[in-house]
6 protein chains.
Amino acid sequence: MNPFLPSLNHLLDIWLNEDIGRGDLSSPAIKNCVRSAHWIAKKPGVFCGGPLVKEIFKRLDPSVDVHLLMKEGESCCQNQRLIELEGSAQTLLLAERTALNIVMHLSGIATATSHLVKELEGTGVKLADTRKTTPGLRVLEKYAVRCGGGLNHRLGLDDTAMLKENHLAWSENIQIALDAIRAQAPWPSRIIVEAETAEQAKEAVIAGADGVLLDEIPAEKLHKLVPQLRQLAQSNKNNQKSRQIIIEASGVDATDLKAFASTGVDLISTSAPITRSHWLDISMRFEAASYKPKTPC
Amino acid sequence: MNPFLPSLNHLLDIWLNEDIGRGDLSSPAIKNCVRSAHWIAKKPGVFCGGPLVKEIFKRLDPSVDVHLLMKEGESCCQNQRLIELEGSAQTLLLAERTALNIVMHLSGIATATSHLVKELEGTGVKLADTRKTTPGLRVLEKYAVRCGGGLNHRLGLDDTAMLKENHLAWSENIQIALDAIRAQAPWPSRIIVEAETAEQAKEAVIAGADGVLLDEIPAEKLHKLVPQLRQLAQSNKNNQKSRQIIIEASGVDATDLKAFASTGVDLISTSAPITRSHWLDISMRFEAASYKPKTPC
Amino acid sequence: MNPFLPSLNHLLDIWLNEDIGRGDLSSPAIKNCVRSAHWIAKKPGVFCGGPLVKEIFKRLDPSVDVHLLMKEGESCCQNQRLIELEGSAQTLLLAERTALNIVMHLSGIATATSHLVKELEGTGVKLADTRKTTPGLRVLEKYAVRCGGGLNHRLGLDDTAMLKENHLAWSENIQIALDAIRAQAPWPSRIIVEAETAEQAKEAVIAGADGVLLDEIPAEKLHKLVPQLRQLAQSNKNNQKSRQIIIEASGVDATDLKAFASTGVDLISTSAPITRSHWLDISMRFEAASYKPKTPC
Amino acid sequence: MNPFLPSLNHLLDIWLNEDIGRGDLSSPAIKNCVRSAHWIAKKPGVFCGGPLVKEIFKRLDPSVDVHLLMKEGESCCQNQRLIELEGSAQTLLLAERTALNIVMHLSGIATATSHLVKELEGTGVKLADTRKTTPGLRVLEKYAVRCGGGLNHRLGLDDTAMLKENHLAWSENIQIALDAIRAQAPWPSRIIVEAETAEQAKEAVIAGADGVLLDEIPAEKLHKLVPQLRQLAQSNKNNQKSRQIIIEASGVDATDLKAFASTGVDLISTSAPITRSHWLDISMRFEAASYKPKTPC
Amino acid sequence: MNPFLPSLNHLLDIWLNEDIGRGDLSSPAIKNCVRSAHWIAKKPGVFCGGPLVKEIFKRLDPSVDVHLLMKEGESCCQNQRLIELEGSAQTLLLAERTALNIVMHLSGIATATSHLVKELEGTGVKLADTRKTTPGLRVLEKYAVRCGGGLNHRLGLDDTAMLKENHLAWSENIQIALDAIRAQAPWPSRIIVEAETAEQAKEAVIAGADGVLLDEIPAEKLHKLVPQLRQLAQSNKNNQKSRQIIIEASGVDATDLKAFASTGVDLISTSAPITRSHWLDISMRFEAASYKPKTPC
Amino acid sequence: MNPFLPSLNHLLDIWLNEDIGRGDLSSPAIKNCVRSAHWIAKKPGVFCGGPLVKEIFKRLDPSVDVHLLMKEGESCCQNQRLIELEGSAQTLLLAERTALNIVMHLSGIATATSHLVKELEGTGVKLADTRKTTPGLRVLEKYAVRCGGGLNHRLGLDDTAMLKENHLAWSENIQIALDAIRAQAPWPSRIIVEAETAEQAKEAVIAGADGVLLDEIPAEKLHKLVPQLRQLAQSNKNNQKSRQIIIEASGVDATDLKAFASTGVDLISTSAPITRSHWLDISMRFEAASYKPKTPC
């Protein structure tokens, strides 16, 4: 579970440049000899982003040694030591903030996800994310959701089609819209329909949708609707349309997760781990005075 | 107060590509005629990011018309209409998520900032941000803090020097560190020292620091320390060192803002509006069926 | 069916720079007044790439007027006029080669695809492409396949999983490999297994694959295997695995398309339209001497 | 003969990102231990692009070991082993398709070139390429032409001037056009005139062109025209114009190469190796079960 | 003579970002209404770079109106008005420094070139530049040389081959080195040999060089050497090597130009206009108080 | 004092591509074995840019060995050996020109700066640069100024505010302009006012400016004005405005430096080291024939 992609190299440059800019004015304050430091969690949570720390420091100086003490998605307790670093003192301080910022942000998302996932434990219902992600961090935030035990929904507009409220308002009907997509999309891509009423949901199943997203429909209504949709999907058997259907609920409050999980839906999708989470508090600590670096200063 | 910089054009491309990728599979569902839509706030808050919405849509299609109904930093109530858009239906849906994501994120920061600023109203003490910002969004998140009534601290490592815990641990003493920075830095840049004890703070003032950041020192101690530091700065008059000194407190809990404000510090810096805020909930709504687009479909 | 994506802007710059480099040495030979030109097909074929021509010329000079006479995917006969252009003489020559090169290349692919699709007409079997595409042109070449009447297979490694020969050789068994993918992949993504024997294919269906790619298995064997696989998929009904299965054949010679189409497969995938096609021959012609430009030279 | 330029690094990123996108969904299927693989030619041909394979894999993971068994431009027979690779299993599969695609494409061009070059063997006439190259691959495709034994024509609009049909139509006369170019161009650059008639060709020589491209003029006419042009160039001796002239023919069918070679032209330029070639078929094979990787899985 | 290339767009962004960075702190001081300004020369010189001014301002705001009063390469006297601008006050100040910097730099080069060119007036000998150019500005500085009346030498390592001191030291002999280059280079490219002695120069001519650069050879020696080289080139007539030869001198002091011009060389190449020139002094002036902008503030 | 920033990697690519383009045509002339070379100063001066040389060669080939014999900012005499290099012969020649160009340019600036700084020796007055820098080289040229003993003024529009002539003309008055900036700027940033008269200067001090730049005011007037400004600043003591003030002079001729230094200003800012300096002449020399490379050719 390593989040690193070649496309991230460019992002790393943007992040580092945004903090370093025209150079670190504070560098002359310290001798540039080899120093040691470590990261500790100031709050308990789920750790996420370790491989990025390696890449961020390596990008400035390949000789910095980053030793990860945590696996991705592992839980840490307060004051737990997470990472040990050794390298040029100026480089350690140059990348410190950037590396901490991304890990604190992603770990916050992983932690928030894990709390929601725990709510669903034993129900067989999965927690999925949405496309509400911080611009520039889509792939990494979705990775953090996985680290927290969540499932990813579609990654972008190009891997899965979804007919949302506006599409339906601006197209003739669900069947026509669905067929138009099918004619252009790569064959392995699925088509999901977002429905706000039972009627829309049924129309979607009949039209051959691969998934139905039931948005802001109360749990009590879902108890009745979900089995109807599954049966409708089955009865599509003899025509060539989809018989397998994934049913998801959205617009669900964190406190209602269990109630919705009992309705028979396959998954519940929510943006909360990204839009309503706090960063996990982590600090970098320098080694005590007694520390002897490999290279004398 | 327009946040737009030429360097943001490149970020916008990254954001749009991350969502659109190899193309919107759902586009064929709708006829590409001119349509109208608007944004509404689903919760009250402080609006921020409108000029970015213009740039995002214009980047895909210069003919989309974006009409901002809110000024930057203006408060909105629930269900308030924020923006009106008119343009090709496919483009409206292509950029919708990206534009909403950045505005919801930034407005969340502005809203959180405004709550803290309100706490300090009448005290003369300013609320400032930190370098804890989401990677890739530093300039915009600091802009959102301003929209919420906050003050920006340094923008990066290159506009202001700051001696932090690690610098002090790794340099001989504050005076030497400060002089080394002064010798290299552009003359207009200031030097701030982060102090965790009264002794460090005094040493910093004597060494000629332009600002002292008092980190995690209790308010009761500050009541005594702040006037001492100011007097110490005055007595530097006859040597060539700094006599003006800015004193800030950090590590302050949101509930303690007023107590710290009464200590005589000039400002309180906190990452809370960025690391512990929620997105402001905003939706894009299509126009009702009766709407007549300028260009028939 | 417009292939234009925001991410293409960057590619266009690369293409233009690769031809123009440090400037067109031949420009001084002509006065830079407004001139007119048109494109003609020197061979019959399927036209593809018109919207790119607009973007290429507009990128150099927004005032160039490009009038497309052909729809994307439309067939042209020899000597048919395809595009009319009017603009600064130097710009017309500056972008001519780049614009012709991409359209000739893409139209060659669309033409080759349409020949194969014609072979399958009436069989209900679709022709799909592969990931064998010219580096840098994946999205456009797959678009050209669609213009020629073909269906796209997965767009990259990230929208659909496929277990190929090497994956199977390097993993324990199909079931374990498939479950490991399922645990990490976004829920809407499908998993396809490439099988070279009937046994592998059956194992894949039992393991719950969404699709099976039967590679280099003779048509006579497929006649028997395909129904077996479909029945096997049905009998998965009571467990929670996939019951819908897409069956495709690959490694099929162009001359054998009809024989394979009769085996009951859903589609035949082939790289031939991209790896074994010729460019469609197209020329740009200047207007005859009698032509009077709007702006005198 | 190493094709690698610093500017290619950026292209490699584009190629890899276009296939890998948001991450390889199939990676979890295999353990990421060290594995071995090799490439074999499935058809005879001329190999080209080996150094790119090294760069592509190294870009993802510097520890992958790529051992080239073929020199650039060397001929291979069917089933010949071309490259041996050893490295992380996930990386081998991550870059496989991208590396194969570029090598198959370039080797196809080298192979096609070598066939045409063989036709001209012993005639002293060289085969040259044109600016009809796949957008984004100009430098590499021209490199492949050299690997196949061909000669490169100008690389872009900026290293050599060429007066083509449209320039002549849009300028007063050849002499004026040529002088205008000469006044602006770097002194070492040459000027070529494309002529469709004997008159144009003679006018070009008199005007001092460095080269004349005789387009679509039948071989029988060339037999007479070529010596006339050479004599004309000689008689320019006492004025200050060019006396050396390179004469090339274009618009020549592959089957007519020998006939044109006998006309006395210096070279024949053709886009056929790029616009009418097929990819050379190459496969990556994993090592048999008996293979023991250095690092146990 | 417009220097603008599509590849410059990217450079312009770099230039603007390097000055504007995270935003112009001084902007809030002025109301952003339409204002008028103009540029004046504070010293006489040769103006160069006007089209870049248009592009720089347009890049920030397409509505800024830039009216060029000078042609490229035209001489200006002290206090001459060069450009008139009208646009948003904040934009005028945002791009002012960047636009002035490039024009002052380029005009300085054009001015210095024109002084040297004047020295050679009437001699028929041309003044050429070298590859000693400021990193990042090669194309523009060579353009400035042309604006000052100079001739460009090769643009880079890829348009013309040159055997310099080191090549000769590291290769077997000139003939072998030249033949090795000829075998790989595009046919229209020329090969120049840099010679420091008469012997090297003669060897180069015999080996078939297209040009000989006589470096730091005194004028009196050149008087004898140049005719010898021309005759040698003539006598190559019956073998297939070059008979036309361009002879240039380098390492010539500005005060010796006329002496060298009389030796019969074709051109004298020097880096002086780029490495030893001063910027032309130009200022932007705001309009007097009486000025009435179109749009009231 | 290492000028290297992560953002420079991108510039290095631009520089190398601008010279190498589509490949070094002269490479085939030499065998690509390991060779040795060194750089020598052909004129005395101040050396600057050594770390860039390392990065430039390393970017093409990490195995090139660059040994710096000079510290940054160290003075060299004529014929002094500056750098020793060992590596592939083709790489040494590929990057030679680019590396020399930047070092000659920067060393020229450092040398010119050091001459002016020497003029001010013993006066306690510092020499500062301006924003007149070559587009694309701002950070490096300012670094060269520091290497020559100068002080940097603001780095861009975003780290320090400056009210210049145009701002004052276009705003109501200095106090209003200053307050408007203060309300938006990060708190550590300073505000400078450029004054052309004593009145403006006094108004600036009263308004609370952190610095006053006295432009083109004669030394004799400054003798009287400077103490007045300092006293005015002191008397601001009891209100909350700036009491420390930095006073600088600009528009000072190189021959007048001492006269201005005696007026009591803190610094003199000038663009002369950048706009009116010559490159330091440096050559790369190959090792004599007797040199034995580690790897035989």
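Residues numbered from 1 in each chain as written. Chains lettered and ligands numbered in written order. Predicted model: local features only at pLDDT ≥ 70, side-chain atom pairs only at ≥ 80, totals over all residues. Heavy atoms only, no water.

The next subject is the relation of the copies chain A and chain F. With an RMSD of 0.0 Å, the operation that places chain A on chain F is a rotation of 120 degrees combined with a shift of 0.0 Å along the axis. What the superposition gives is, in effect, a three-fold axis relating one chain to the other. Closest to the rotation axis within chain A is the C-alpha of His10 of chain A, separated from it by 6.1 Å. (Least-squares fit on C-alpha atoms with pLDDT ≥ 70 in both.)

This part is about the domain arrangement of chain A. Domain annotation for chain A reports domain 1 (6-117 + 278-286) and domain 2 (160-270). Taken over C-alpha atoms, the centre of domain 1 of chain A sits 41 Å from the centre of domain 2 of chain A. (Domains from an automatic or database assignment.)

Quick look at the packing of helix H1 (residues 8-20) of chain F against helix H3 (residues 89-120) of chain F now. Residues and elements named next belong to chain F. Taken N-terminus to C-terminus, the directions of H1 and H3 make an angle of 125 degrees; their axes are 9 Å apart at the nearest point. Judged by the angle between their axes, H1 and H3 are oblique. The hand of the H1/H3 crossing is right-handed. Residue-level inspection shows Trp15, Leu16, Asp19 and Ile20 of H1 in contact with H3, the latter providing Leu94, Ala95, Arg97, Thr98 and Ile102. Grouping the constituent residues of the contact of H1 with H3 by class yields six nonpolar, one polar and two charged. (Axes fitted to C-alpha atoms, helices over the stretch in contact; angles between N-to-C directions. Helix = DSSP H or I, 4+ residues; strand = E, 2+ residues; numbered from the N terminus. Parallel < 35°, antiparallel > 145°, perpendicular 65-115°, else oblique. Left-handed = near helix turned anticlockwise from the far one by under 90°. Contact = heavy atoms within 4.5 Å. Nonpolar A, V, L, I, M, F, W, Y, C, P; charged D, E, K, R; others polar.)

What follows concerns the interface of chain B and chain A. Across the contact, 73 residues belong to chain B and 73 residues belong to chain A. Buried area between chain B and chain A, both sides added, is near 6,100 Å², and the carbon and sulfur share of it is 61%. Counting every contact that joins chain B to chain A gives four salt bridges. Two residues, Arg138 of chain A and Asp19 of chain B, come together in a salt bridge whose shortest N-O distance is 2.9 Å. In this assembly, chain B and chain A are joined by 27 residue pairs in polar contact (both at pLDDT 80 or more). It is helix H3 (residues 89-120) of chain B that provides the largest number of residues to the side of chain B that touches chain A, a total of 11 residues. Taken together, the residues of the side of chain B that touches chain A break down into 32 nonpolar, 21 polar and 20 charged. (Buried area = accessible area lost by both parts, 1.4 Å probe. Salt bridge = Lys/Arg side-chain N within 4 Å of Asp/Glu carboxyl O. Polar contact = N/O pair within 3.5 Å; in protein donor to acceptor, adjacent residues only side chain to side chain.)

Moving on, we come to the environment of Ser283 of chain C. Residue and element names in this part refer to chain C. Positionally, Ser283 belongs in strand E12 (residues 282-286). Separated by 243 residues in the primary sequence, Ser283 and Ile40 have C-alpha atoms spaced 5.5 Å apart. If we skip the residues at most four places from it in the chain, Ser283 touches His38, Trp39, Ile40, Lys42 and Leu100.

A few words on the sheet that holds strand E5 (residues 81-88) of chain B. Residue and element names in this part refer to chain B. The four strands lie next to each other as E3-E5-E1-E12, forming an open sheet whose pairing is antiparallel. Edge strands, defined here as strands with exactly one partner in the open sheet, are strand E3 (65-68) and strand E12 (282-286). Mean inter-strand twist for the sheet, computed between neighbouring axes without regard to direction, equals 20 degrees. The pairing of strand E1 (residues 34-41) with E12 spans five bridges and is classified as antiparallel. Across the sheet, Ile40 pairs through a bridge with Ser283, a residue of E12. Helix-sheet contacts for helix H2 (residues 50-60) involve E1, E3 and E5, and the interaxial angle to E3 is about 175 degrees. (Pairing = 2+ DSSP bridges.)

This next bit is on the environment of Val252 of chain D. Residues and elements named next belong to chain D. Within the element layout of this structure, Val252 appears in the loop between strand E10 (246-250) and helix H9 (257-261). Taking the C-alpha atoms as reference points, Val252 and Ile268, separated by 16 residues in sequence, lie 7.6 Å from one another. Excluding residues within four positions of it along the chain, Val252 makes contact with Leu257, Phe260 and Ile268.

With that settled, the discussion passes to the pattern of salt bridges. Residue and element names in this part refer to chain A. Taken as a whole and judged by the stated rule, the model has 66 salt bridges over all chains. A salt bridge links Arg230 to Asp266; its shortest N-O distance comes to 3.0 Å. Placement of the pair is Arg230 in helix H8 (residues 219-234) and Asp266 in the loop between helix H9 (257-261) and strand E11 (267-269), with a sequence separation of 36 residues. According to the relative accessible area criterion, Arg230 is partly exposed, its value standing at 27%. (Buried < 20%, exposed > 50% of the residue type's maximum accessible area, 1.4 Å probe, protein only.)

All names here are of chain D. Structurally, Ser269 can be placed in strand E11 (residues 267-269). A relative accessible area of 7% places Ser269 in the buried class. A distance of 3.2 Å separates polar atoms of two side chains, one belonging to Ser269 and the other to Glu248. If we skip the residues at most four places from it in the chain, Ser269 touches Ala128, Asp129, Thr130, His153, Leu213, Glu248, Ala249, Ser250 and Gly251.

Remark on secondary structure: sheet strands pair via backbone hydrogen bonds, oriented parallel or antiparallel. Residues and elements named next belong to chain E. Judged by pairing direction, the sheet is parallel, and its six strands sit side by side in the order E6-E11-E10-E9-E8-E7 without closing on themselves. At either end of the open sheet lies a strand with only one pairing partner, and these are strand E6 (126-128) and strand E7 (161-163). The sheet shows a mean angle of 25 degrees between the axes of neighbouring strands, direction not considered. With three bridges connecting them, E7 and strand E8 (residues 191-195) associate as parallel partners. In the strand pairing of E8, Ala161 is matched with Ile191. Helix-sheet contacts for helix H3 (residues 89-120) involve E6 and strand E11 (267-269), and the interaxial angle to E6 is about 150 degrees.

All right, on to helix H6 (residues 174-184) of chain A then. Residue and element names in this part refer to chain A. Buried within H6 are the following residues: Ile174, Ala177, Leu178 and Ile181. Buried positions in H6, seen along its axis, are confined to an arc of 95 degrees and lie on one side of it. On the buried face of H6, the contacting elements are strand E7 (161-163), helix H5 (165-170), strand E8 (191-195) and helix H7 (198-206). Near the N-terminus of H6, the side chain that reaches the backbone nitrogen of Gln175, with its oxygen 2.9 Å away, is that of Asn173. (Arc of directions from axis to C-beta.)

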